[in-house]
Each structure stands twice: as structure tokens, then as C-alpha cells.
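Below are the chains, spelled out letter by letter.
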Amino acid sequence: MSGRRLPAWADLTLVPLANVAAAFFVSGLVVLAIGENPFTAMRLLVAGSLGTLEGLSFTLYYATNFIFTGLSVALAYRAGLFNIGAEGQAYLAGLGAALVCLSWPGLPAVVMLPLAVIAAGVFGALWAMAPGWLQARRGSHIVITTIMFNWIATSLMAWLLVNVMRAPTSMQPETPSFAAAAQMPKFDALARSFGFTVPSSPLNISFLLALIAAAFVWLLIWRTRLGYEIRTLGANASAAEYAGINTTRVIVITMGLSGMLAGGLAVNEVLGVQNRLLLEFTAGYGFVGIAVALMGRAHPLGVVLASLLFGMLYQGGAELAFDQPRITRDMIVVIQGLVVLFAGALEGMFRTPIAGAINLFRRPAENPKA
Amino acid sequence: MDFDAILIVAGSAVRLATPLLCACLAGLWSERSGIVDIGLEGKMLAAAFAGASAATATGSAMMGLGAGLGASLAMGLLHGYASIDRNGNQIVSGMAINMIAAGLTALVGAAWFGQGGRTPSLNGDARFSPLLFGLDGLTLVTILCAFFTWLFLYKSRFGLRLRAAGENPAALETAGVSVRRIRYAGVAMCGLLCGLGGTYLSVSQAAGFLPQMTAGKGFIALAALVFAKWKPIPALFTCLLFGALDAIAIRMQGISVPGIGAVPVQAIQALPYVMTVILLAGFVGRAIPPRASGIPYVKEN
């Protein structure tokens with residue numbers, strides 16, 4: 001294998017780029033197959049997501065969800081844990097936030113919002129710590145358990161919203177609207193209060209929270225003792241045990257933090273946009289986190305960049321579906337799946353050809369006899 | 001509940017269990033050969049769409065079955081390529097297949113038929129009709145598949161090799177058998193069985209395809225597989241049990257039980273998942289997966 005070694009810079013740039021390019025190439029073929037022009041689609045997608053201030057703010061709003069769920073998956077991944085449960089954890093986090101907002105509707109915003117955010121984090125963390133504990137102490141595979149917990153969350157929340165928390169006057173399975181104090185400050189309202197005229201958008205300060213969370217995750221992983229333990233556990237679980245790391249503790253705490261990050265999705269959706277708890281508000285964003293984490297190579301900066309790309313896909317995809325009705329929003333899910341396939345499962349596919357290409361250019365310099 | 005009602009619930013339990021059993025046996029073939037597959041859901045969905053589309057186009061349910069089997073087999077082999085030849089992460093690959101199937105079926109369905117992703121309604125020869133006790137051929141074939149799986153797995157040389165690939169692939173390779181070939185056979189069988197289950201959903205149980213019509217059945221099948229401890233005959237009974245739970249949940253909707261009150265339907269629906277978590281954690285009994293499942297086999301040089 002010595003001749004196929006890949007320099008680090010190529011591993012961090014060329015390989016992910018080749019993987020994403022392959023995903024988009026196949027997506028282009030899909031667009032072609034349903035009888036549309038992939039280049040027109042691409043142009044509409046970029047214009048729809050970045051071309052206007054409104055499009056851009058929607059892109060950042062979607063990206064907020066993906067940063068949170070992407071960080072959630074990435075952090076657990078660093079510890080060698082595959083958390084497929086971000087969707088269910090975010091769902092439960094929404095319950096935590098809603099309980100605060102509905103129980104004490106009279107609180108002022110400065111108390112209500114931090115309390116609701118903390119409740120979201122705690123509920124998300126608890127829903128993730130249970131599978132973590134089961135993995136650490138009972139040996140249940142975390143992938144299976146988190147999948148099961150997603151479905152249990154779906155049933156639990158459906159029951160709560162239909163039978164317990166529904167507004168008495170409403171037929172919809174959703175809670176009454178929260179008090180105005182429970183609304184995360186929105187950027188459009190902030191800009192208007194300074195006298196700017198801006199289009200309405202759901203973008204709110206959760207976006208800043210997401211960026212802070214990304215910085216926090218970076219610090220945690222590379223600048224703390226716990227982060228060192230997380231990385232050791234991820235690299236070699238038995239070595240971590242041998243080195244005296246309490247693996248149960250690290251697994252449970254890591255899953256707790258992972259679930260807490262997933263809770264950010266509820267903060268953005270429930271507190272930032274909907275202002276009430278409703279059925280299936282997670283809308284699959286938890287699963288996008290897996291694609292984002294894989295594409296961002298489980299690095300916080302990579303997660304933020306991948307989230308921006310997926311934010312563009314979601315916003316641009318909505319515009320695209322409006323302009324070209326044959327390309328429905330399901331196209332985004334296809335692209336997402338292809339990214340997971342090429343950047344995840346087939347991750348090594350282009351490594352050998354890229355190494356070969358690099359060696360081709362290198363050989364004369366490294367081999368003086370030639 | 002009188003006798004007639006019990007018969008109705010029993011019949012609907014078997015019909016609801018059929019796609020679960022297909023997917024559960026599919027997972028069994030794959031995981032027993034050492035390849036973890038959380039993409040059962042996606043393969044069934046792809047088969048449901050391909051089956052209904054082909055049945056619509058040709059007017060023949062059998063052509064639908066062929067297309068369903070083919071589509072699911074193709075996705076199974078893709079999973080096999082990623083897991084066996086590329087040593088990729090099997091969970092990630094299964095995830096990818098679920099996403100691609102969910103997106104592609106809805107997208108292509110909307111583009112082809114222009115009915116928001118559904119296929120036109122199937123009737124006459126384009127849909128499987130009941131043969132025996134209100135059950136159609138696919139259900140009967142599925143139940144037979146459980147017995148054949150048992151026979152192959154425990155009474156044939158091939159079955160022994162398949163189990164060895166999932167428990168100790170290095171020993172199998174030492175015996176001169178290609179682990180790669182056995183595992184490909186496992187994922188191919190997995191693809192075919194998911195194809196059967198998916199086609200059943202859209203060409204027999206329902207009269208056509210609806211976007212996301214598998215609605216988590218692939219994951220209940222995964223739960224059933226754990227519950228059955230990766231064994232074919234227990235898989236049959238677990239799927240019948242889960243099918244019965246589903247049938248009872250439908251029947252109990254809005255009915256008040258004396259002494260308990262109305263049982264929430266969601267509680268019955270969550271039961272398979274809760275039971276699986278408890279079993280997997282070893283609080284009651286213990287479910288242990290095939291030892292080498294999920295680990296790519298890299299041949300020593």
C-alpha cells in the first residue's frame with residue numbers, strides 16, 4: 001500500500017470534493033432521466049438559495065437545523081458511537097421547550113427563553129443518554145437502540161399531541177401557541193427595528209447559537225480532557241479502557257451532549273419559527289445531520305460548511321420545485337442519499353485513483369534517477 | 001369480541017405480518033452472512049414502487065413482481081458492493097439506500113404518473129387476488145420462505161457456510177470458501193425477499209403505490225429480527241405477533257376496554273420497539289447478533 005499513500009491535504013480536500021462531485025453527477029443524471037435540464041436546475045437552485053436576500057436568509061435558517069443535528073452526529077461519531085437518533089432526540093427536546101413555555105406563560109422573555117432552551121437541551125440529552133447507557137452497560141448496539149428510540153418518540157409524541165397537549169378548540173394535533181415572550185428574536189424584526197426594510201424570513205438567533213455550538217464542540221474535542229477521552233474511545237475502545245478511561249461515563253456523557261445538540265433543532269423550529277409544538281416538526285432534519293456529519297468529516301468547521309450546502313439545497317430545492325414542478329422537493333432527499341452513499345459508504349472509492357494521479361505528477365521529483 | 005371478529009383480526013394479522021416477515025427474513029439472510037442491513041425499509045419501498053409501476057404499465061401482477069424483485073435486488077447488490085468490495089460502513093450504506101429510495105420513488109413517481117407520487121389504481125389482473133382463506137399467493141410463498149430459510153440455514157452445506165461467514169469468516173476462508181461470494185449470496189437473497197415484501201405492499205395489500213408507504217415496516221422487521229434472535233422459525237412467530245399487535249391496534253381505535261378505559265393506539269404501536277429494546281438490553285432473555293456482522297472482512301495477505 002506504500003505507493004498509494006495520500007498526502008494529508010489531498011485527503012482533506014480532493015477526496016471529499018470527488019465524493020460530493022460524484023453525488024452531484026449522479027443527481028444530474030436523475031434530473032436528466034425525468035426529462036429536465038440539469039444545468040438549468042443547478043442555475044435555478046443557486047439563484048433561489050443565494051440570489052436574493054430572502055433566499056439567503058432561508059438558506060441560513062435551514063442551515064441552522066443542519067449545524068445542530070450535524071454536530072450531534074459528529075460528536076458521537078468522534079467517540080465511535082453512531083447516533084441515528086438525532087430525529088427522536090430533537091422531537092423530545094421540543095417537548096421540553098413546550099412544557100416550559102406552556103407551564104409558565106407569564107415569564108418575561110429574558111427568563112423564558114433561556115429556560116426553554118435549557119429544557120430542550122435536557123430532554124434531548126436524556127433521550128440520548130438512555131441508549132448510551134444501554135450500550136455501555138448492557139451491550140445493546142447503539143444503532144439499533146437509537147432507531148427504536150426514534151420510533152418510540154414518534155408514538156409518544158403522537159399520543160401526547162393528540163390526547164394530552166392539544167388545544168381544546170383545535171382539531172390539529174398541536175399545542176396552543178406560546179406566549180409572545182417565548183419567540184426567539186428574529187433577524188427580520190431586529191433589522192426592521194433599526195429602520196431597514198427586509199423581507200420576512202424564519203431566520204432567528206438560533207443561527208448564532210448554532211455557530212457558538214460549533215465552536216464549543218471544536219474546543220471540547222481538541223482542547224479538553226473529556227475531548228481527549230472521547231477521541232481515544234473512538235480510536236480504540238479497548239485501549240481507552242486499558243488507559244484507565246471510564247468508558248461508561250464517557251459514552252453516557254457524549255451521548256448526552258449529542259442529544260443536547262440535536263435539541264438545537266427544536267430550539268430553531270419550535271421556539272424560533274412555529275411558536276408551538278406540532279406533529280413531526282423534525283421533518284427528517286435529524287437524518288440530514290448524518291449526511292452533514294459525513295460530508296463534514298465529523299469536524300465542526302466541516303459540519304458548518306456542509307450545513308450551508310444543505311441549506312442551499314433545501315431552499316434552492318423549494319424554489320426549483322416551484323419553477324420546474326417536475327423536479328419535486330424529493331430531489332433533495334435523493335441528493336442527500338447520494339451524498340451519504342458517496343461521502344460515507346463508498347468514501348474510499350476515489351482514494352486510489354487520486355493517489356495514482358498525484359504520484360504520476362510526483363514521481364520525477366521524488367525519484368532522482370528518472 | 002365474538003368468533004367472527006377474532007377471525008377478521010386473525011386474517012388481517014396474517015396480511016399485516018406478510019411484509020414484515022419478508023423483510024425480517026431478508027435481514028436474517030444478510031446479517032447471518034455478516035452484513036448488517038438497516039436498508040430493508042428502502043429496498044421494500046423501491047420494490048413497492050417498481051412493482052406497482054410495472055403492474056400499471058403491463059397490466060400484469062406477475063410482471064410487477066418481477067420488477068419489484070429486480071429493483072430491490074439491484075439496491076441489495078449496491079449495498080453489497082459498498083459493504084463487501086469497498087469495506088464501507090454498512091450502517092451508512094443502509095442509511096443511504098433508505099434515503100435514495102425515499103426520494104427517488106416519490107420524485108420519479110410524480111414525474112411519470114403526475115399524481116403527486118402515487119401510481120394509478122391497480123385492478124383486475126394487475127393486482128394479486130386472494131387464493132386461500134382470503135390470503136393471496138404472495139403471503140403463502142412468504143410463509144414457505146420461512147421454512148425454506150430454516151431448511152437452507154440449518155440443513156445444507158451452503159447454510160453452514162453462510163452462518164460461518166457471519167460468525168467467523170476467517171475460519172471459512174481457511175476452509176477454502178470465498179467469504180465474498182457467500183456474503184454476496186446473502187445480500188442477494190436479502191434483496192429478493194425485500195422485493196417480495198415491497199411488491200406485496202403495493203400490488204396486493206394496497207392497489208398501487210403511495211409515497212413512503214412502507215411507513216417504518218422495514219424497521220419493525222429489524223426489531224422482529226432482534227426479537228427472533230436471528231432465527232427463521234422464531235422470526236415467523238415474531239412477525240405474526242407484531243402483525244397481530246398492528247391488527248389489534250387498528251381494531252381498538254376508539255374502543256374502551258372495561259376497567260382500563262381507551263387504550264391509546266400509539267402505545268400498542270410502540271410495543272414492538274419497546275420490547276426489542278428490553279430484549280436487546282438483556283433484561284429479559286438476551287439477543288446476541290452474529291459475531292462478525294457489521295465488520296468488513298479483509299483477507300489476510
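I will try to describe carefully the structure that is included in this document. This is a predicted model, so every value here is computed, not measured. (Residues numbered from 1 in each chain as written. Chains lettered and ligands numbered in written order. Predicted model: local features only at pLDDT ≥ 70, side-chain atom pairs only at ≥ 80, totals over all residues. Heavy atoms only, no water.)

## Some points on the overall build of chain B
Part 1 of the argument: On a plain count of helices and strands, chain B comes out with 11 helices and 4 strands.
Part 2 of the argument: Taking 301 residues into account, the globule formula puts the C-alpha radius of gyration at 19 Å, and chain B, at 19 Å, falls close to it.
Part 3 of the argument: Each principal axis of the C-alpha atoms in chain B carries an extent, and together these give about 65 × 50 × 30 Å.
Part 4 of the argument: The buried share of chain B, reckoned over its 301 residues, is 55%.
Part 5 of the argument: In chain B, the proportion of contacts linking residues at least 24 apart, taken out of those at least 6 apart, comes to 79%.
Part 6 of the argument: Split by element, the accessible area of chain B, about 12200 Å² in all, is 66% carbon and sulfur. (Helix = DSSP H or I, 4+ residues; strand = E, 2+ residues; numbered from the N terminus. Rg over C-alpha atoms; globule rule 2.2 N^0.38 Å. Buried < 20%, exposed > 50% of the residue type's maximum accessible area, 1.4 Å probe, protein only. Contact = heavy atoms within 4.5 Å. Areas by Shrake-Rupley, 256 points an atom, 1.4 Å probe, with all protein chains shown as cover.)

## Description of the layout of surface pockets
Part 1 of the argument: Considered as a void within the structure, the second largest pocket measures approximately 1000 Å³ in volume.
Part 2 of the argument: The wall of the second largest pocket is formed by 32 residues, among which Glu87, Gly284 and Phe287 of chain A together with Ala102 and Gln212 of chain B lie closest to the centre.
Part 3 of the argument: A per-class count over the lining of the second largest pocket returns 16 nonpolar, 11 polar and 5 charged. (1 Å grid on protein atoms, 1.4 Å probe; cavity = no way out; pocket = protein on both sides within 12 Å on 5 of 7 lines; lining within 4 Å. Points joined across faces, edges and corners; volume = space filled by probe spheres on them. Nonpolar A, V, L, I, M, F, W, Y, C, P; charged D, E, K, R; others polar.)

## Thoughts on the interface of chain A and chain B
Part 1 of the argument: Contacts between the two partners involve 43 residues from chain A and, on the opposite side, 41 residues from chain B.
Part 2 of the argument: On the chain A side of the contact with chain B, Arg138, Met148 and Trp151 of chain A bury the most area, a combined 18% of that side's loss.
Part 3 of the argument: Taken together, the connections running from chain A to chain B amount to 0 salt bridges.
Part 4 of the argument: Between chain A and chain B we count 2 residue pairs in polar contact (both at pLDDT 80 or more) in total.
Part 5 of the argument: Within the residue set of the side of chain A that touches chain B, elements represented by two or more residues are helix 6 (109-138), helix 7 (142-164), helix 13 (285-295) and helix 15 (330-345) of chain A.
Part 6 of the argument: For the side of chain A that touches chain B, the element with the highest residue contribution is helix 7 of chain A, accounting for 12 residues.
Part 7 of the argument: Broken down by class, the residue content of the side of chain A that touches chain B amounts to 29 nonpolar, 11 polar and 3 charged. (Buried area = accessible area lost by both parts, 1.4 Å probe. Salt bridge = Lys/Arg side-chain N within 4 Å of Asp/Glu carboxyl O. Polar contact = N/O pair within 3.5 Å; in protein donor to acceptor, adjacent residues only side chain to side chain.)

## A look at the packing of aromatic side chains
Residues and elements named next belong to chain A.
Part 1 of the argument: Under the criterion given, the structure shown has 18 aromatic pairs over all chains.
Part 2 of the argument: Between the aromatic rings of phenylalanine 66 and phenylalanine 310, the centroid separation amounts to 6.4 Å while the plane-to-plane angle is 80°, which identifies the pairing as edge-to-face. Within this pair, whereas phenylalanine 66 is found in helix 4 (residues 53-78), its partner phenylalanine 310 is found in helix 14 (residues 300-323), the two being separated by 244 residues in sequence.
Part 3 of the argument: Look at phenylalanine 66 and you get buried, because its relative accessible area is 0%.
Part 4 of the argument: Among the aromatic residues, those joined into a cluster by ring pairs are Phe58, Tyr61, Tyr62, Phe66, Tyr285, Phe310 and Tyr314. (Phe/Tyr/Trp six-rings, centres within 6.5 Å; stacked < 30°, edge-to-face > 60°.)

## Regarding the pattern of salt bridges
Residues and elements named next belong to chain A.
Part 1 of the argument: This model, assessed by the stated rule, comprises 9 salt bridges over all chains.
Part 2 of the argument: For glutamate 229, the salt bridge goes to arginine 249, with nearest N and O atoms at 3.5 Å. Of the two residues, glutamate 229 sits in helix 10 (residues 225-235) while arginine 249 sits in helix 12 (residues 247-274), which places them 20 residues apart along the sequence.
Part 3 of the argument: When its relative accessible area of 7% is taken as the criterion, glutamate 229 is described as buried.
Part 4 of the argument: A salt bridge links glutamate 347 to arginine 297, with the shortest nitrogen-to-oxygen separation between them at 2.7 Å. On the criterion of sequence distance, the pair formed by glutamate 347 in the loop between helix 15 and helix 16 (351-366) and arginine 297 in the loop between helix 13 and helix 14 is long-range, its members being 50 residues apart.
Part 5 of the argument: The partly exposed category is assigned to arginine 297, whose relative accessible area is 27%.
Part 6 of the argument: Several salt bridges share partner residues, and in doing so they unite Arg225, Glu229 and Arg249 into one network.

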